[in-house]
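Coordinate inspection notes
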Amino acid sequence: MTWRASILTLYPEMFPGPLGVSLAGRALTAGTWTCETTQIREFGIGKHRAVDDTPSGGGPGMVMRADVLAAAIDAASPQGDRRPRLVMTPRGRPLTQARVRELSAGPGVVVLCGRFEGMDERIMAARDLEEVSIGDYVLSGGEMGALVLLDACVRLLPGVMGAVASGHEESFEGGLLEYPQYTRPQVFEDVEIPAVLTSGDHGAVERWRAERALADTRERRPDLAARDGSPERGS
Ligand code: SAM
């Protein structure tokens, strides 16, 4: 079944963008997923197709209008569409690998991309939008966030990564960062590959990787290590 992504944006030319190459691009060509865009401005008000207005209560910038966004969402995702509707916003819940896995296992996503100072809050409940953030920093628009989200989902679709990996040992799967990776040359600027990795002892390699994943997570991401269950893996 084809995984369908519908993106609502003022900049449809940004899609598929970087997702048109490499693994995601090949999967797009193969029909594993589709990427449709809706130009929000087509649903704008008046001769100038206005999509925004001044913030209620004052302040700088402009806010995207709820009525315009509702019309665009209803066109892109009519009643009966089973896909979750997401909206990119720094006010949202941070995107996690667990949520990415759920989304990639579903029928696809509808993603609303904000611009300006953001969107009228009333659209969130009116169209049951899931607010998603890609990190604690502010982008100039939701499009880059949507591309990040799509890339994370598409690489998990069946067949996209091929035999390379199911992704089960990657960072965040199981609540830990991945162990560090090495490849030839054996010595790089006087630093050798850890001997265990070239020992041929698969059990020792597994143990070393589990220990490093746990130690690196504790050191670099104590927030991840502190989450329920995480410290158990490999300990
Ligand atoms: N005034 C807003 C605030 O402070 O929360 C920021 C608006 S930002 C300039 C414009 C749009 O970029 C947002 O509506 C959102 O769609 C997108 N955006 C910015 N940062 C984001 C982030 N960290 N995650 C997801 N989307 C983001």
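It should be noted that the structure appears before, not after, this text.
A brief structural summary. Chains are numbered independently. Their residues run from 1 in the order of the written sequence. Reporting in this predicted model follows two pLDDT cut-offs: at least 70 for local features of residues, and 80 or more for side-chain atom pairs to be given and counted; totals over whole chains, interfaces and linings ignore these cut-offs and use all residues. Side-chain numbers here rest on the full set of heavy atoms in the structure, without hydrogens or water.

What about the sheet that holds strand S2 (residues 33-39)?
Strand pairing is assigned whenever DSSP detects at least two bridges linking the two strands. Secondary structure elements follow DSSP: runs of H or I of four or more residues count as helices, runs of E of two or more count as strands, with numbering from the N terminus. Taking strand neighbours across the sheet as the criterion, the five strands line up as S2-S1-S6-S5-S7 in an open arrangement whose pairing is parallel. Two strands lie at the open edges of the sheet, namely S2 and strand S7 (130-133), each paired on one side alone. Geometrically, the sheet is characterised by an average inter-axis angle of 35° between neighbouring strands, direction not taken into account. Every axis in this analysis is a line fitted to C-alpha atoms, fitted for helices over the stretch in contact. Angles between the N-to-C directions lie between 0 and 180 degrees.

A look at helix H3 (residues 97-104)
Working definition: with a 1.4 Å probe on protein chains only, accessible area under 20% of the residue-type maximum means buried, over 50% means exposed, and in between means partly exposed. Within H3, burial applies to Gln97, Val100, Leu103 and Ser104. Axial view of H3: buried residues confined to an arc of 120°, hence all on one face. Directions pointing from the helix axis toward each C-beta atom define the arc.

Structural notes on the site of the ligand
Around the ligand there are 19 residues in total, and Met88, Gly114, Gly135, Tyr137 and Leu139 lie nearest to it. Counted as a polar contact is a pair of N or O atoms within 3.5 Å, where, for protein atoms, one must be capable of donating a hydrogen and the other of accepting one, and residues adjacent in sequence contribute only when both atoms are in side chains. Separating a nitrogen atom of the ligand from a backbone N or O atom of Thr89 is a distance of 3.3 Å. In these tables, accessible area is a Shrake-Rupley quantity obtained with a 1.4 Å probe, and a residue counts as shielded only by the protein chains included in the view. Burial of the ligand by the protein chains amounts to 84% of its free accessible area of 580 Å². Elements that contribute at least two residues to the shell around the ligand include exactly strand S5 (85-94) and S7. Top element by residues in the shell around the ligand is S5. It accounts for three residues. Side-chain classes are defined by residue name, with Ala, Val, Leu, Ile, Met, Phe, Trp, Tyr, Cys and Pro counting as nonpolar, Asp, Glu, Lys and Arg as charged, and the others, Gly among them, as polar. Here the shell around the ligand is composed, by residue class, of nine nonpolar, eight polar and two charged. By convention in these notes, a residue is near a molecule or strand provided one of its non-hydrogen atoms lies within 4 Å of it.

So, the packing of aromatic side chains
When two rings of Phe, Tyr or Trp (its six-membered ring) have centres within 6.5 Å they constitute a pair, described as stacked for plane angles under 30 degrees, edge-to-face for angles over 60, and tilted for the intermediate range. As enumerated under the stated definition, the model contains one aromatic pair in all. With a centroid separation of 6.4 Å and an interplanar angle of 55°, the aromatic rings of Tyr182 and Trp208 are classed as tilted. Remark: Trp208 occurs in helix H6 (residues 202-220) and Tyr182 occurs in the loop between helix H5 (143-154) and strand S8 (187-188); sequence separation between them is 26 residues.

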